[in-house]
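These are the residues of each chain, in order.
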Amino acid sequence: MSTFKAPKGTYDLLPPDSATYLAVREAIAAPLRNSGYGYVETPGFENVELFSRGVGESTDIVTKEMYAFTTRGGDQLALRPEGTASVLRAALEANLHKAGNLPVKLWYSGSYYRYERPQKGRYRHFSQVGAEAIGAEDPALDAELIILADQAYRSLGLREFRILLNSLGDKECRPVYRAALQDFLRGLDLDEETRRRIDINPLRVLDDKRDDVQKQLVGAPMLRDYLCDACKAYHEQVRELITAEGVAYEDDPKLVRGLDYYTRTTFEFVHDGLGAQSAVGGGGRYDGLSEMIGGPALPSVGWALGVDRTVLALEAEGVTLDLPSATSVFAVPLGDEARRVLFAKVTELRKAGIAADFSYGGKGLKGAMKNANRSGARFTVVAGERDLAEGVVQLKDMESGEQEAVAVEAIVGELKARLG
Ligand code: HAM
């Protein structure tokens, strides 16, 4: 063991578990690729102001959790705590919105960083796959994203997740609600920090997990009752569209997300097997974000699903993904001549697209067969001096245990045929 350990709140992805992570990323990305979303990749850090303006000065993410630093050149940067602001920044910078093809639909996959108190399901370095549809106000787009996330989770075999849905209103109706909520909250018995929150981010108080706070919130004005007609009609259409597709959801009038940019549709995917960190994904509409970061008006919607928590959700449901073995053929040479011959065969198999591996380090038969077993290979090819003198190699089917001699020249063709 080295003297170094992974930093607090982080962990390493290692084989064999890492294969599950890759498969989860792939399962989330597949429906997006299949629905017109193009891949986008942005830097792991941005100007800190992009996040303070975009995600919001009053959010925990910006005030408490950001890895912000000043570079040697004097730039104020931050490791990205989320993807939406960066993706929108990139789209605006490249003028994708001017190419006459709205919405611009983008998907991404990567690492994000938040200085949070680590616990199960909550890390300082975590991984998301996300999607953003930029520049269109259409309830069908909100519905599309919710349906695609549902499809992704189902394709992984998850069943015990729920979709929580809410509307946060728009710049017409939300300020009216905000004022009414502030009036109500000021009459409650709350601690200093929560009182401060009433001024900067009153909706967040609704999200307070403490019982004594929740008790006092009974009778609080609900945004639902303040939505303007346009927001109400929009929300109704989103609900109708996802209902028509058979996607079950729950109305959650108290759902407030931890980022400031949301308007109208907001949703969260929660998994009941995860304990406190139950949100496996979340998203919503952010019609004002573009203007907040200096762009034109570009109503948009998106989500991000947490890869770490999705893997934990699979574990909680006892789902093991049916992952194909990484190696199909394992070659075991016994002696120098066999090394040369089998090394060439392994290279040939690989070129033909067959996953093949080789016993390195001049091991004896016993040790090499142990490696072959561990590799999960379906077939092992063994060759010694005597085999080669007869012009053959031994082909062992690791499932049936049967072994037979196959001519050296015929082995690649035989394996191709058997692995078909
Ligand atoms: P978010 O709800 O902050 O939204 O994060 C989305 C998901 O990332 C969470 O549901 C969770 O699964 C995962 N996640 C967040 N923080 C952590 C953590 N510390 N450890 C492990 N997993 C975590 C956003 O980030 C928005 N950008 C989503 C969005 C896209 N909205 C519109 N477009």
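Residues numbered from 1 in each chain as written. Predicted model: local features only at pLDDT ≥ 70, side-chain atom pairs only at ≥ 80, totals over all residues. Heavy atoms only, no water.

### Quick word on the sheet that holds strand β2 (residues 45-47)
Inclusion rule: Two strands pair if DSSP finds at least two bridges between them. A helix here means a DSSP run of H or I that spans at least four residues, while a strand means a run of E at least two residues long, and both kinds are numbered starting from the N terminus. Where helices are involved, their axes are fitted lines through C-alpha atoms of the stretch in contact, as for all axes, and angles between N-to-C directions lie from 0 to 180°.
Within the open sheet, the three strands sit side by side as β2-β4-β3. Their pairing is antiparallel. The open sheet terminates on both sides in strands that have one partner only, identified here as β2 and β3 (68-70). The sheet shows a mean angle of 35° between the axes of neighbouring strands, taken without regard to direction. Strand direction decides the pairing type here: β2 and strand β4 (residues 76-79), joined by three bridges, are antiparallel. If you follow E46 over to β4, its bridge partner there is A78.

### As for the domain arrangement of the protein chain
Selection criterion: Where each domain begins and ends is defined by an automated method or by a domain database. What makes two residues a contact is simply this: any of their non-hydrogen atoms within 4.5 Å. Values labelled buried area give the accessible surface lost by two parts on being combined, using a 1.4 Å probe and summing over both. Within this document, salt bridges are pairs made up of a side-chain nitrogen of Lys or Arg and a carboxyl oxygen of Asp or Glu, the two lying within 4 Å of each other. What qualifies as a polar contact is a pair of N or O atoms within 3.5 Å, subject to a donor-acceptor requirement within protein and to the restriction that residues adjacent in sequence count only when both atoms come from side chains.
On domain assignment, one finds that the protein chain holds domain 1 (17-168 + 234-316), domain 2 (174-226) and domain 3 (329-419). For domain 1 and domain 2, the distance between their C-alpha centres works out to 25 Å. Contacts between the two partners involve 13 residues from domain 1, matched on the other side by 13 residues from domain 2. Roughly 1,100 Å² of surface becomes buried between domain 1 and domain 2 when both sides are summed, with 50% attributable to carbon and sulfur atoms. For R197, the salt bridge identified is with D60, shortest N-O distance 3.7 Å. For the pair domain 1 and domain 2, the interface holds seven residue pairs in polar contact (both at pLDDT 80 or more).

### Concerning the side chain of T84
Heads up, the condition is: Burial classification: accessible surface area is computed with a 1.4 Å probe over protein chains only, and a residue below 20% of its type maximum counts as buried, one above 50% as exposed, and the rest as partly exposed.
Here T84 lies in helix α4 (residues 84-93). Given the relative accessible area of 7%, T84 is considered buried. Polar side-chain contacts of T84 include one of 3.1 Å to the side chain of Y261. Aside from chain neighbours lying at most four places away, what touches T84 is Y108, E132, Y261, Y286 and L289.

### Quick look at the UniProt feature "domain: Aminoacyl-transfer RNA synthetases class-II family profile" (unreviewed entry) in the protein chain
Note the cut-off: UniProt positions are given in the numbering used here, feature names are shortened, and annotations may be inferred rather than shown by experiment.
Mapped onto the present numbering, the UniProt feature "domain: Aminoacyl-transfer RNA synthetases class-II family profile" (unreviewed entry) falls at residues 1-324. Secondary structure over residues 1-324 splits into 36% helix and 20% strand, and the C-alpha atoms at its two ends are 31 Å apart.

### Topic: the site of the ligand
Here is the rule: Distances are taken per atom, and a residue is near a molecule or strand as soon as one of its heavy atoms is within 4 Å of it. Per-residue accessibility takes into account occlusion by the displayed protein chains alone, with areas from the Shrake-Rupley method and a 1.4 Å probe. Put simply, Ala, Val, Leu, Ile, Met, Phe, Trp, Tyr, Cys and Pro go in the nonpolar bin, Asp, Glu, Lys and Arg in the charged bin, and everything else, Gly too, in the polar bin.
Taken together, 27 residues lie near the ligand, and E82, E116, Y123, E132 and Y262 sit nearest. Here the ligand loses 96% of its free accessible area of 660 Å² to cover by the protein chains. Listing elements by their share of the shell around the ligand, those giving two or more residues are β6 (125-134), β10 (279-285) and β11 (300-306). Per-element accounting of the shell around the ligand gives the leading share, six residues, to β10. Here the shell around the ligand is composed, by residue class, of 11 nonpolar, nine polar and seven charged.

### A closer look at the pattern of salt bridges
Counted according to the given criterion, the structure contains 29 salt bridges. Note that R154 and D150 form a salt bridge whose closest N and O atoms lie 3.2 Å from each other. Highlighted residues: R154 and D150, both in helix α5 (residues 139-155), separated by four residues, approximately one helical turn. The partly exposed category is assigned to R154, whose relative accessible area is 39%. What makes D150 buried here is its relative accessible area of 8%. Overlapping salt bridges, with partners in common, bring together D60, K64, E193 and R197 in one network.

### Remarks on empty space enclosed by the protein
Condition: In this analysis the probe radius is 1.4 Å and the grid spacing 1 Å, with only protein atoms considered; a cavity is a set of points the probe fits into but cannot get out of, a pocket is an open set with protein on both sides within 12 Å along at least five of seven lines, and lining residues have an atom within 4 Å of a point. Grid points are joined across faces, edges and corners, and a volume is the space filled by probe spheres set on the points.
By the definition in use, this model includes four cavities of 30 Å³ or more. Considered as a void within the structure, the largest cavity measures approximately 60 Å³ in volume. Y39, V40, E41, T42, R80, G83, S86, V87, Y108, S109 and Y112 together form the lining of the largest cavity. Where the lining of the largest cavity is concerned, the elements lending two or more residues are α4 and β5 (104-113). Here the element with the most residues in the lining of the largest cavity is β5; it accounts for three residues. Along the lines of polarity and charge, the residues of the lining of the largest cavity split into five nonpolar, four polar and two charged. Empty space within the second largest cavity amounts to approximately 50 Å³. Every residue along the wall of the second largest cavity is listed here: V329, A331, L342, K345, V346, L349, V381, I411 and L415. Mapped by element, the contributors of at least two residues to the lining of the second largest cavity are β12 (329-333), α13 (336-351) and α16 (411-419). No other element matches α13, which puts four residues into the lining of the second largest cavity. Grouping the amino acids of the lining of the second largest cavity by side-chain chemistry returns eight nonpolar, no polar and one charged.

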